[in-house]
Amino acid sequence: MERIPCTGCSLLCDDIIVRSDGLFIDEVIGACLKGKERFDQLTSNNRLLNPMIRENGVLEKSSWEDALNKTINIIKNSSNPLLYGFSNVNCEAQLKAIELARKIDGFIDSNSTICQGKVLNMAKDTGITLTTITEVINKADLIVLWGANAAESIPRLLNKVLFSRGKFRMTGREIKTLIIIDPVKIASFNVMGVRDLALQIQPNKDLELIRMLKEECCVADSIPSEGVAGIDNYDLKRLLLHLSEAENGVVIVGQGILQPQSESTIIRELLELIQMINLKQQKGRISFIMMGGHFNMAGFDHIALSTCGKNENLKFKNNELVESNDNIVSKINKEDFDCSIIVGTDPISHLPHNLSQKLASKPIIAIDNRKSATTLIADVVLPTAITGIETGGIVYRLDHVPIELKTILKPPNNLPSDEDLLNQILDKLNKT
Amino acid sequence: MEMILNTVRMVDHDQAREHALGDEKSLEQNLAIGILNPSDFKKLNLTRSLHINLSNKNGQVIVATKEDENIPQGTLLMPVSIWSNQLTNVENDEITYKNIPVNVEATRDPITTYKDLLNSIKNIK
Amino acid sequence: MELYKYLPKTNCKKCGKPTCMAFALDLLQGKVKVDDCTPFLEEAKYKKQYNELKQLLGAEEGKKKELRIDVDEELCDGCGICVTVCPVNARYCPPTLSGKAPDYPPEKHQLFQIKAGKCELLNIKHCRRLEAEGRERECRVCETYCPRKAVKIDYV
């Protein structure tokens, strides 16, 4: 039976077996709960099947012609449009979106600017290497999970990374050491073995721990006897020993330490610590993976870098890329836009309340395949086919490896793919 | 009582899944929830049928409660949702999803509904 | 295990089993009785443990019990760790060695599979706790490594 990739989260497992009769999906074997939800969207009641326009304050079904005409009207009457989302669409659609932004003098950004994108730039600055999941399966002997709750965001990550038997580490679990650092006693603590280390750090104290480890790297025996941030000095010494002696280690981080604490960014200091350890020891290397959310967040970084030289905050004027110090959050906060095109995401539910209010005060064009808070508030709603099942394309995994998606069913009502829809909008703009 | 709020992802309380497969009722049941340590539960004099009123300088919302002993004392956990985003904010052009100070009190009032939240963002009929 | 604590732990083999641990396992399943351990009846120093063990088992002694491995549907999130660690799966289904889902339709020895987002047990016939000898009989890896504590091994 053929195995297809799953678009439930950014791990993009490519070993899913799907039984289908060409019209519906009968069985899904091998996908976790989050993947199964994605396949269930095909027949859900909340699926969008028709375009909608807001007339006299109420959303009503309309024809494709009317919906596209209203979209063109909104764009033509605006001089400062905002484009946001693009982490749930394939790379071909992302290319088209950048072309559209260039044509209408827009500001385009993706979800990765509040998640993965920042970390990519910091990793470039400190010179640390990123690594792939296959490398971790085959060669890693130390895995550190810091501020990342793998069991709740990406269920199969621990399965692939810790328990599989790779080419050079045939015994799997026994050979790999696992270290977890988290303020809450998360579910991953339950897979600890006798030689692993579980540290329940006090909330909001990660920066103290990192700074203490940095100091210990330079000047030995500087750990205080009462410990730091709720961890005693025996565990701290052991942690540093594991990090220094690892032949091929990997640090996996998540949203837990993406937030700024006191005056500095925690991830930047953590990357500096890893680089310090790498330069100090001769034989080993520690590399880095950042856990993402949606399945093509890393894709937008690559497409933007290769077409425009920058991976986020792209502002166009008169067909050229111009300098911009804003990011999506500051643009919405200052109300420096007059309409927005939201593709494949739900900012009304995801952004803080006062930002959602400001976003909703201007016209919204929502392109999505299921109902959400944004589509309930939008002025025009345009439905598209589900990527990964009804459309193919290239997407990028959380470790920046490109994966090709397969098509197994036809979309209902002849719904267009995201790339087709953006193309139609561009064509209409070029004609009028 | 002053506590620290952390908004996290949870596989059982997933906003994307409720929007895609559920309806308004399941949205409120699964997402309007705050999880506490049992000793904090006792300190606030809470019972299973009472709700909690959360407020800080960004907004105010009322949600249901649940107990879990794996959470450190003084911390409140909520799944990422439109309820928890009444309390988050922007600082220095960055959104803070974790370590937000919030005031917690027990109350008998009903949980804030989805329609109320949408109406407070934009008046729709 | 609970019952092993009360036994003499000398591995004298007078009951016919190779170790006291094997005797404890058979006692739990109802295949032998407490009186089958001859040192309990012959030597006075074990009298206290003998009485405590008899009281602990009570009427359950000698009742035939079957192995049951249960996956709690509400707690499981389909992570597939039980599929990858099970030694029977590793022997008969090569894709599970590198963390991938096994082939479909399932091979007749396969124990666990992920279907519709949840892990489920297909058949228990070839589990190590029933078929293997010696230390391998005490296999508990599926229960130990489940992060959400959804797999439970029981005798009923």
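These numbers come from a predicted model, not from an experiment.

1. Describing the overall build of chain A
- In terms of helices and strands, chain A carries 16 helices and 21 strands.
- Its C-alpha radius of gyration of 23 Å places chain A within 12% of the 22 Å reference for a compact globule of 432 residues.
- Dimensions along the principal axes, computed over C-alpha positions, put chain A at roughly 70 × 50 × 35 Å.
- Looking at chain A as a whole, 51% of its 432 residues qualify as buried.
- Taking the intrachain contacts of chain A between residues at least 6 apart in sequence as the baseline, contacts between residues at least 24 apart amount to 69%.

2. Some details on the overall build of chain B
- Helices and strands together make up the secondary structure of chain B, namely 4 helices and 8 strands.
- The helix and strand sequence of chain B, counted from the amino end, reads β-α-α-β-α-β-β-β-β-β-β-α.
- Across the 125 residues that make up chain B, the buried fraction comes to 43%.
- Of the contacts made within chain B by residues no fewer than 6 positions apart, 79% connect residues no fewer than 24 positions apart.

3. Looking at the nonpolar core
- Formed by 180 residues in total, the largest nonpolar core has its most connected members in Ala97, Leu158 and Ile252 of chain A together with Cys82 of chain C.
- With 7 residues, helix α10 (residues 266–280) of chain A is the single largest residue contributor to this core.
- Other than its neighbours up to four places away in sequence, Cys82 of chain C contacts Phe112, Cys119, Cys142, Cys146 and Val151 of chain C.
- Counting 14 residues, the second largest nonpolar core, distinct from the first, contains Phe23, Cys37, Phe40 and Leu53 of chain C.

4. Digging into the sheet that holds strand β18 (residues 364–368) of chain A
All names here are of chain A.
- In space, the 9 strands of this open sheet follow the order β5-β4-β19-β18-β17-β6-β7-β15-β16, with mixed pairing throughout. Edge positions in the sheet fall to β5 (58–61) and β16 (320–322), since each has one partner strand and no second. Pairwise comparison of adjacent strand axes, ignoring direction, gives a mean angle of 20° for this sheet.
- In this sheet, strand β7 (residues 107–110) lies alongside strand β6 (residues 81–85) in parallel orientation, the contact comprising 4 bridges. Directly across from Gly85, in β7, lies its bridge partner Ser110.
- Across the sheet, helix α3 (residues 91–103) touches β6, β7, β15 (314–317) and β17 (339–343), and the angle it forms with β15 is around 45°.

5. Brief notes about the sheet that holds strand β14 (residues 285–290) of chain A
Residues and elements named next belong to chain A.
- Taken in spatial order, the 5 strands of this open sheet run β10-β9-β8-β11-β14, and their pairing is parallel. In this open sheet, the two edge strands, each paired with only one partner strand, are β10 (197–200) and β14. Between one strand axis and the next, the sheet turns by 15° as a mean value, whatever way the strands run.
- The sheet contact formed by strand β9 (residues 177–182) and β10 spans 4 bridges and is parallel. Each residue of the ladder has a partner; that of Ile180, found in β10, is Ala198.

6. Focus on the interface of chain B and chain A
- Listed per partner, the contact involves 35 residues of chain B and 40 residues of chain A.
- Elements with a minimum of two residues in the side of chain B that touches chain A: β1 (2–8), α1 (15–21), β6 (89–91), β7 (94–96) and α4 (114–121) of chain B.
- Per-element tally for the side of chain B that touches chain A: the top contributor is α1 of chain B, with 5 residues.
- When the residues that make up the side of chain B that touches chain A are grouped by side-chain class, the tally is 15 nonpolar, 13 polar and 7 charged.

7. Some remarks on the packing of α3 of chain A against helix α16 (residues 418–431) of chain A
Residue and element names in this part refer to chain A.
- Relative orientation of the contacting elements α3 and α16 amounts to 20°, with a least axis distance of 8 Å. The orientation of α3 with respect to α16, classified from their angle, is roughly parallel. α16 is crossed by α3, and the crossing has left-handed handedness. Touching Glu92, Ala93, Lys96, Ala97, Glu99, Leu100 and Lys103 of α3 are Asp418, Glu419, Leu422, Asn423, Ile425, Leu426 and Leu429, all from α16.
- Considered class by class, the residues forming the contact of α3 with α16 number 7 nonpolar, 1 polar and 6 charged.

8. Digging into the domain arrangement of chain A
Residues and elements named next belong to chain A.
- When the domains of chain A are assigned, the result is domain 1 (48–112 + 296–431) and domain 2 (117–290).
- In this structure, domain 1 and domain 2 have C-alpha centres spaced 36 Å apart.
- In this assembly, 8 residues from domain 1 lie in contact with 7 residues from domain 2.

9. Quick word on the confidence of the model for chain A
- Here chain A averages 88 in pLDDT, while 98% of its residues score no lower than 70.
- Here strand β12 (residues 260–261) of chain A stands out as the least confident element of chain A, with mean pLDDT 66; strand β19 (residues 380–383) of chain A is the most confident, with 95.

10. What about the packing of helix α4 (residues 117–126) of chain A against α10 of chain A?
All names here are of chain A.
- Interaxial distance between α4 and α10 falls to 10 Å at its minimum, and their mutual angle equals 35°. By crossing handedness, the relation of α4 to α10 is classed as right-handed. Contacts between α4 and α10 involve Val119, Met122, Ala123 and Thr126 from the first element and Ile267, Arg268, Leu271, Glu272 and Gln275 from the second.
- Broken down by class, the residue content of the contact of α4 with α10 amounts to 5 nonpolar, 2 polar and 2 charged.

11. Considering α4 of chain B
- If you check which residues of α4 of chain B are buried, you get Tyr114, Leu117 and Ile121 of chain B. Considered in projection along α4 of chain B, the buried side chains sweep an arc of 65° and stay on one side of the axis. Of the residues in α4 of chain B, the exposed ones pointing more than 90 degrees away from the buried face are Lys115, Asp116 and Asn119 of chain B.
- The inward-facing, buried residues of α4 of chain B contact α13 (347–350), α14 (353–360) and α15 (373–377) of chain A together with α2 (24–31) of chain B.

12. A look at the pairing of strand β4 (residues 59–67) of chain B
Residues and elements named next belong to chain B.
- Pairing of strand β2 (residues 33–36) with β4 involves 4 bridges; the strand directions are parallel. Across the sheet, Leu36 pairs through a bridge with Glu67, a residue of β4.
- In this antiparallel pair of consecutive strands, strand β3 (residues 51–56) and β4, the connection spans 2 residues.

13. Some words on the environment of Gly16 of chain C
- Summarising the element assignment, Gly16 of chain C is placed in the segment before α1 (20–28).
- Gly16 of chain C sits 20 residues away from Asp36 of chain C along the chain, and the two C-alpha atoms are 9.4 Å apart.

14. A look at the pairing of β17 of chain A
Residue and element names in this part refer to chain A.
- Of all 5 residues that make up β17, 5 are buried, and the element is covered over most of its length.
- Residues Cys339, Ile341 and Val343 line one face of β17 and the alternating positions Ser340 and Ile342 line the opposite face, and both faces are buried.
- In terms of strand pairing, β6 meets β17 through 5 bridges, oriented parallel. Bridging from a neighbouring strand, Leu83 pairs with Ile341 of β17.
- Where β17 lies against β18, 4 bridges are found, and the strand directions are parallel. If you follow Ser340 over to β18, its bridge partner there is Ile364.

The rules we used
- Residues numbered from 1 in each chain as written.
- Chains lettered and ligands numbered in written order.
- Predicted model: local features only at pLDDT ≥ 70, side-chain atom pairs only at ≥ 80, totals over all residues.
- Helix = DSSP H or I, 4+ residues; strand = E, 2+ residues; numbered from the N terminus.
- Rg over C-alpha atoms; globule rule 2.2 N^0.38 Å.
- Buried ≥ 20, exposed ≤ 12 C-beta atoms within 10 Å, placed from the backbone.
- Contact = placed C-beta atoms within 7 Å.
- Core = buried A, V, L, I, M, F, W, Y, C linked by C-beta atoms within 7 Å.
- Pairing = 2+ DSSP bridges.
- Axes fitted to C-alpha atoms, helices over the stretch in contact; angles between N-to-C directions.
- Nonpolar A, V, L, I, M, F, W, Y, C, P; charged D, E, K, R; others polar.
- Parallel < 35°, antiparallel > 145°, perpendicular 65-115°, else oblique.
- Left-handed = near helix turned anticlockwise from the far one by under 90°.
- Domains from an automatic or database assignment.
- pLDDT = per-residue confidence, 0-100.
- Arc of directions from axis to C-beta.

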